[in-house]
Amino acid sequence: QVQLVESGGGLVQAGGSLRLSCAVSGIIFSIRHMGWYRQAPGKQRELVARITASSGSTDYADSVKGRFTISRDKAKSTVYLQMNNLKPEDTAVYYCKLMIVTGAEYWGQGTQVTVAS
């Protein structure tokens, strides 16, 4: 059974940093990509960053480019999101998502990030 467990969220002042981690268990040799999404109250869930398993190429939402960095540690089956220069508008529940080559998707339970102004 595939499991994704996020950690690293919390409360931080504007301008601060956090690093989110997503530990994956139960797979996994057929990952297409892994990504971080977020959902703020009253808003739709949106893509924050994504990394392609085969090439390591990355994509970012325009709102986080230059501030957030996604990375992956294959040995630890973990994907990270380093978030710097956080802004109040980054406040949301952050979710880790994994997609395998069949198109099936797996989500973590989410971790709250709150940025105080």
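You'll find the structure just up there.
Criteria and cut-off values
- Residues numbered from 1 in each chain as written.
- Predicted model: local features only at pLDDT ≥ 70, side-chain atom pairs only at ≥ 80, totals over all residues.
- Heavy atoms only, no water.
- Helix = DSSP H or I, 4+ residues; strand = E, 2+ residues; numbered from the N terminus.
- Buried < 20%, exposed > 50% of the residue type's maximum accessible area, 1.4 Å probe, protein only.
- Pairing = 2+ DSSP bridges.
- Axes fitted to C-alpha atoms, helices over the stretch in contact; angles between N-to-C directions.
- Phe/Tyr/Trp six-rings, centres within 6.5 Å; stacked < 30°, edge-to-face > 60°.

Time to look at the environment of K74. With respect to the helices, strands and loops of the structure, K74 is situated in the loop between β7 (68–73) and β8 (78–83). Once the C-alpha coordinates of K74 and A53 are considered, the two residues, 21 residues apart in sequence, prove to be 9.2 Å apart.

Of note, the phi angle at N85 is positive, near 50°, even though the residue is not glycine. Within the secondary structure, N85 is located in the loop between β8 and β9 (92–100). Taking relative accessible area as the criterion, N85 reaches 42% and is therefore assigned partly exposed.

A few words on the sheet that holds β8. Ordered in space as β1-β3-β8-β7, the 4 strands form an open sheet in which the pairing is antiparallel. The open sheet is flanked by β1 (3–7) and β7, the only strands paired with a single partner. Adjacent strand axes in the sheet meet at a mean angle of 15°, parallel and antiparallel pairs treated alike. As paired elements, strand β3 (residues 18–25) and β8 share 6 bridges and run antiparallel to each other. When the bridges of β8 are listed, S21 appears paired with Y80.

Quick look at the packing of aromatic side chains now. Inspection of the entire model under this criterion finds 2 aromatic pairs. Residues Y37 and W107 carry aromatic rings whose centres are separated by 5.1 Å and whose planes lie at 65° to one another, so their mutual orientation is edge-to-face. Placement of the pair is Y37 in strand β4 (residues 31–39) and W107 in strand β10 (residues 105–107), with a sequence separation of 70 residues. Taking the relative accessible area as the measure of exposure, W107 reaches 33% and is therefore partly exposed. Look at Y95 and W107: their rings are 6.4 Å apart centre to centre, the planes differ by 80°, and that puts the pair in the edge-to-face class. Of the two residues, Y95 is situated in strand β9 and W107 in strand β10; the sequence distance between them amounts to 12 residues. Linked through ring pairs, Y37, Y95 and W107 together constitute an aromatic cluster.

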